[in-house]
Structures are given as structure tokens and as C-alpha cells.
Amino acid sequence: MANLRIEQLNKRYGATTVLNDVNLSIEDGEFVVLVGPSGCGKSTLLRMIAGLDGASGGDIHIAGKLVNTLAPAERGIAMVFQSYALYPHMNVRKNMTFGLKFTGVPPTERERRVAEAARMLRLEELLERYPRDLSGGQRQRVAIGRAIVREPEVFLFDEPLSNLDAALRVSTRVEIANLHRLLKSTIVYVTHDQVEAMTLADRIVVMNKGRIEQVGKPLDLYYEPANLFVAGFIGSPAMNFFEAKVESIEGGRARVTGAAFRGLDVAAASLSVGDTLTVGVRPEHLVRGEAGAFAAEGIVELVERLGEASFAYLRRVDGRMFVAEVRGRQTPAPGETVTLVAASPDVHIFDASGLRVATGTR
Amino acid sequence: MPESLSPVTAQMPRAKLAGLLLFFLGPAVVIYSLFSIYPLVATMALSTYTSDPSGARSFVGLANFQTLLGDALWSKPFWNALGNNLIFFTVHMCVQNPVGIALAGLLSLPRVRLKGFYRTVMFLPTMLSVVIVGFSWNLILSPLWGVASGALKAVGLGSLFAPWLGLESSALVTLSLISVWQFVGIPMMLIYAALLNIPEELIDAARVDGLGQLRIFFHIKLPLVLPTISLVSVLTFVANFNAFDLIYSVKGALAGPNFATDILGTFFYRTFFGNQLQLGNPTMGAAVATVMFFIILLGLCLYLFLVQRRIRRYAF
Ligand SMILES: Nc1ncnc2c1ncn2[C@@H]1O[C@H](COP(=O)(O)OP(=O)(O)O)[C@@H](O)[C@H]1O
Ligand SMILES: [Mg+2]
């Protein structure tokens, strides 16, 4: 178990920059999830931590030791791959002990570790089987087992659940969370699925286009997204955005207006008259009503019923769409015009560069 | 009707089914029969006849085979050719295939520059005509005007030079190595293709497990391409026991010196078509061809029953 520190890490392939000045510090025993859209550089970052790809610049420290030039096996890491990457010509036991043989772990110790990992992951019955005779979920557990027996300082997971079906994904997610509780090890976990990120992480790192957009606790990211990207990425369905302008400032309050919503008063903070803004409100924070800090009107075009809630897709005055979550059995009918309001703590204001403006609402 | 028929074909009228079978299987059956089965059967039939000087043929049963294996005049060159052929094959198995595997392994390493260039260069000789290859090597190794002796001298190894193609002791191995030089590209390409099929993540997993490239090759890559290696071995076996052209183009039908490079192909050629003082004997030639066919068949059966069954293919 160890902390992990990444400083000014860069990765370029020719002219394309895949990672751009990444700085990240991970505490001992922390479960950190890297999340971001496909192609944003999550796997690249993970592979660089593992030592599978070299850096174009920057440092990686594991347990306080600079590991830039160390081979993957010398870094004290273990990695679980998306495709599981089990050796097809070895049975489960051999898959788990294979690497230990080359790092000088004596046979009795190997057996002990395999037995322990097998017990933890319920693999005892499967030890003599070959990967081809295992289901996807079982293969996944073997892959995790192979990582556990290495007794690494840091576990690295690259989208480990994306090849599993939905039900298995949920149960394996729970298992991984349990495992972390049990092993108390440092984990860096890559996913493009924000539900996985929210449920598993102590801290989430949101990445976009090779940069870190925000690092924070799951609920902090949800309630206080640092910028438009994080606001739009975390939460499903995504946050609604409305173009707006600062109309006037009076007595420390700014009057924010836009074409598609009724005017809104926020703490002026750093705002000045004429600023272009974006107002963001999450679908789940919109309720039917008349009174609220924020109010927008729309014509219902479609209602998606999920059971515990329904999502109404509404057309705004300016022709664009926005989404509202509706609870209960009474859902609006398509064609109906409804007014939706949100309380001021749930209204996010972003400036022209996309950064969230501290309006002191929460 | 067997139960394994699909419901669609089972419900079809017999005539329609027959028409369908004829349409899809007919052309292949006709072409295969005409160009493969018929010549084979005709050759075997011919091997049971003998012809007198007037050219009239008479049925003699297995007498030709008795002569071939029993009469010292025939059996000595036959066993000589078979033995040489085994040596020819052994050299290919021990040099061509390991070198091909090694080259493929090198090409599959990460961060090798000019991969495409090396691949093409090493595959180039395979695309040359055997006649050109034979002629070139004949010139290169010639003690009179060949570059080989000069090249060895230039690096101070002149004393090692010998007229390898002319010595009874070394001619066969030299010819085998020329053939290896020409065809090493084929195992290399087949195995390289198989190596490319191994997922990147599997290699990454092995690296995380602490294996270097050499160990990755022997512990991961090699076991996973075994099916291709065994396929290459079979192809080598069949090609070697049917070989003829290189020996003929370098050494002529007499496969000198003193039949030291005679293999089954050249032996068959002399028997069937005749050469210098030896008259052509189509019926004995057919017998030699039939024996060659059975040797290859036996080799293939041994492979299928002993090797193929134990080899497992991996889906990634
Ligand atoms: N070997 C490479 N050469 C060039 N570009 C690459 C290479 N490997 C990855 N990339 C690029 O780097 C970006 C990030 O890839 P990756 O880290 O796999 O993204 P993801 O966040 O989906 O895991 C992608 O846009 C990809 O095209
Ligand atoms: Mg990825």
C-alpha cells in the first residue's frame, strides 16, 4: 500500500498530445476513479503509471519512489485489463502463480497466496480450469485474483466491467468495493461509466482531452462541478444549460436573464454587467410549479417512464430541448406546456470561459 | 435422410435437393476429380503395368514395387534418394523453421524500426524463380569465379572455403541450405501473422508479471502459435518430399556428385523420362510416384493422429 504522485505528466504521439500536464496526488489506500469520455487519455495515463508506456515528460512517484525508469514489475503495481488478458494456455492456478515464479516468490508462498485469493474471490472450484471454460464474470475474478497475488502497492483497473452484462456489472462492482474495504489498498480505476465512478470512488478524477478537469469526492463533483464539462459529464441525464447575460447589478445581487428562462437573482460575486453566462440546472432539480429562483417554460415532446421517475423532454422557447425529472404517477402529457422551477442552491452559473462562478448559493 | 439435415433441406422435394447439391458441389467435385483424383488413380493404375520394347503394356500386379524395393539395381538408388530426402527435410526443420520463427519473433517485438522493409527483404527470395536462385548460388559458390571464396578471404576465413556444391559430403546440405535461404520467408510470414493475432493486452499482462521480451516469447507467444508452427511443419514436409526443381536446376537430373543430392523427385524424373543412358520407363516411374504418394500420406497420417489432436487452438 502506498501513495501515488504524478507531476507534470505529458504524453505525445508525434504532433498529437494525448496527456497534457497531468498532476495528481493519490493517498495511501484511496480508491480513485479516472473517468472521462472515450479517447480522453484515461488508459494512457493508467498504462504510464504501470510503466507499459513511457512518458514524454513528467514524473511518477509510487510510495515516494521515482519510478520513471522502472519496469512494470518493479513498480509494485498490478493491473487488471479490460479484456482480462488471461493466459489462454494456462489454467487458473497457473495464471495466478505464473508471474510470481519470475519475481522469486517461493512455491509454498505462491500456493498460500493463491489459496487466499481464491477464497476471497470464490475461485476454489475453478483453479484447475482453463480460461476458455470460464464465464465472463469468472474470468474477471481470475484477472483480479492474478492482481491480488502480486500483493501490489497500487492496483490499476482499466475498464474492468465493460465486457460484462448489466447484472454482472452491478454485482462485480459491489465485489470490487468489498475487496477494497478488505485489502485497504490504493486503487486507480479507469471507467467511462459515471455510475461506476460515483459508486466506487473515494475521489473522482474527471478527464477530458488529455487534461484533468476536476478532482473531487463524488458528491462534490455532482453539487459543485468546477466547469461546464464536469457539470455536463457527471449526472444522467446531463445537466440542462441555458444561455444568459448579466443584465444589472444592484446591492450585491446580479440580475441574470436569458431567452429561455425567467430572470434570476444571484450573488454578484465576480460578475459584472454584460457578462455572458451559462445557467445550468439538473433535470432532477426541476419541479413543476410557479415559484422558484429559476423558472423555465417548455412544451412536453416526449416522456420516458422509468418507474421510480420519468423524464420529460421539453422544447424551450428558443427551440432547444431540456429535460426534467418527474416523480410520481402524474406525468405531463405530450403537447402540454409546463413551467418548471428550481431552488437557487441547485442553479449553477458558469462564466464565458466555462468556469463555475461562486455565487454563494451553496 | 440423416437427422442432421436442417429443417429447410428436410422439407425440400428430393429432386430439388439433388439439383441444389449438384449446383453447389458439382463444379468442385468435377474439377477436383478431373485434376486431382483422376491423375492419381491413373498413376496408380499405370504402376501395375509393364511395357515391352514394342510399347505394348501388360498387367503385372505389384511386380514393379517388388523390383523397386527388392532389385538392388532399383532399390539402392531408391533408398539413397529417400535417405537424402530425409536429410533435406531435416535441414529444413532444423534450420528453416527455427530461423523463420525467430525472425517472426523479432519482427513482432515492439519498437522495431523498418519492420515492413525487413519483412519484404526476407520474403523476397521466396518470390524468385527457383531456376534463378539455383543459378545464382551456383555462381556465388563456384570455386572459379564465385564471390564466396573472395568474401571469406576478405574477412580472413579463406581457409574455410571449399567447393561445397561439388563435394559429395557437403553438396546435399549446401543445397538444403540454399532452399532454406529461399523459403524461410514462408514460415516467417505465417508465424508473424499468427503472432500479430495475439492481443496486445496479453503481452502487457506478461510485462506486468515481470517477464522480459525473451521470456514473453518462449512462455506466451510460442505456445500460442504452436498450431501455426505445426501447420508450417506439415507444409515443409509435403514440399520437401515433392521437391525437385532446385536440385534439377543446380545439379541436373543426375543429382551429382555421384547421386549425393538425389532426392525422390529427381529419382522419379530419371525413372519416368529417362536420362542419358537410362531409358525412360513410365510404368516404373508411376510406381516411384505411387511410393512417394504413400510416403507423404503416411507422414500426414502420423501428423494428424499424433500431433494435430494434441494441439489446441486458442481464441482470443
Ligand atoms: N500509439 C498511439 N499512437 C497515437 N495515438 C494514440 C496511441 N495510443 C493512443 N492514442 C490516442 O490517445 C488518445 C487516448 O487514448 P486512450 O488513453 O486509450 O483513451 P481512453 O480514455 O478511451 O482510454 C486517443 O485519442 C488515441 O487515439
Ligand atoms: Mg481506454
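Residues numbered from 1 in each chain as written. Chains lettered and ligands numbered in written order. Predicted model: local features only at pLDDT ≥ 70, side-chain atom pairs only at ≥ 80, totals over all residues. Heavy atoms only, no water.

Novice: Any chance you could break down the pairing of strand β20 (residues 347–350) of chain A for me, citing the residues and the numbers?
Specialist: Residues and elements named next belong to chain A. Burial along β20 is two-sided: the face carrying V347 and I349 and the face carrying H348 and F350 are both buried. Both strand β14 (residues 276–281) and β20 contribute to a ladder of 4 bridges, which runs antiparallel. Paired with T278 across the two strands is F350, which belongs to β20. (Buried < 20%, exposed > 50% of the residue type's maximum accessible area, 1.4 Å probe, protein only. Helix = DSSP H or I, 4+ residues; strand = E, 2+ residues; numbered from the N terminus. Pairing = 2+ DSSP bridges.)

Novice: Just give me the short version of the interface of chain A and chain B, but keep the residues and values in it.
Specialist: On the side of chain B, 18 residues touch chain A, which itself brings 25 residues to the contact. Together chain A and chain B conceal approximately 1,900 Å² of surface at their shared face, both sides included; 62% is due to carbon and sulfur atoms. In terms of surface lost to chain B, no three residues of chain A exceed Y87, H89 and F102 of chain A, which account for 30% of the buried area on that side. The interface formed by chain A and chain B contains 2 salt bridges. Residues D209 of chain B and R150 of chain A are paired through a salt bridge, measuring 3.4 Å at the closest nitrogen-oxygen approach. Where chain A touches chain B, the interface holds 9 residue pairs in polar contact (both at pLDDT 80 or more). Only β6 (77–80) and α2 (92–102) of chain A provide two or more residues apiece to the side of chain A that touches chain B. Residue composition of the side of chain A that touches chain B, grouped by class: 15 nonpolar, 6 polar and 4 charged. (Contact = heavy atoms within 4.5 Å. Buried area = accessible area lost by both parts, 1.4 Å probe. Salt bridge = Lys/Arg side-chain N within 4 Å of Asp/Glu carboxyl O. Polar contact = N/O pair within 3.5 Å; in protein donor to acceptor, adjacent residues only side chain to side chain. Nonpolar A, V, L, I, M, F, W, Y, C, P; charged D, E, K, R; others polar.)

Novice: Any details on the sheet that holds strand β3 (residues 31–35) of chain A? Residues and values, ideally.
Specialist: Residue and element names in this part refer to chain A. Pairing is mixed across the open sheet formed by 6 strands, whose spatial order is β6-β7-β8-β3-β9-β10. Whereas interior strands pair on both sides, the edge strands pair on one side only; in this sheet they are β6 and β10 (211–216). Sheet twist, expressed as the mean angle between neighbouring strand axes with direction ignored, is 20°. Sheet analysis places β3 next to strand β8 (residues 186–191), joined by 5 bridges and oriented parallel. In the strand pairing of β8, V33 is matched with Y189. (Axes fitted to C-alpha atoms, helices over the stretch in contact; angles between N-to-C directions.)

Novice: Give a description of the sheet that holds strand β4 (residues 57–62) of chain A that names residues and reports values.
Specialist: Residue and element names in this part refer to chain A. What the 4 strands build is an open sheet, ordered β2-β1-β4-β5; its pairing is antiparallel. In this open sheet, the two strands that pair with only one neighbour each are β2 (16–26) and β5 (65–66). Strand direction decides the pairing type here: strand β1 (residues 4–13) and β4, joined by 5 bridges, are antiparallel. Note that in β4 the partner of E7 across the bridge is D59. Along the sheet, helix α1 (residues 42–50) makes contact with β1, β2 and β4, crossing β1 at roughly 120°.

Novice: Now, about empty space enclosed by the protein: what can you tell me, with residues and values included?
Specialist: Counted by the stated rule, this structure contains 2 cavities of 30 Å³ or more. Every residue lining the largest cavity is listed: A78, M79, F81, R146, A147 and R150 of chain A together with A205, V208 and D209 of chain B. Those elements giving two or more residues to the lining of the largest cavity turn out to be β6 and α4 (136–148) of chain A together with α10 (200–208) of chain B. Partitioning the lining of the largest cavity into residue classes produces 6 nonpolar, no polar and 3 charged. In this structure, the second largest cavity encloses a volume near 30 Å³. Contributing to the lining of the second largest cavity are I144, I148, F155, F157, L179, L183, S185 and I187 of chain A. Breaking the lining of the second largest cavity down by element, the ones donating at least two residues are α4, β7 (154–158) and α5 (166–183) of chain A. Partitioned by chemical class, the residues of the lining of the second largest cavity number 7 nonpolar, 1 polar and no charged. (1 Å grid on protein atoms, 1.4 Å probe; cavity = no way out; pocket = protein on both sides within 12 Å on 5 of 7 lines; lining within 4 Å. Points joined across faces, edges and corners; volume = space filled by probe spheres on them.)

Any functional reading would require information beyond the geometric quantities listed.
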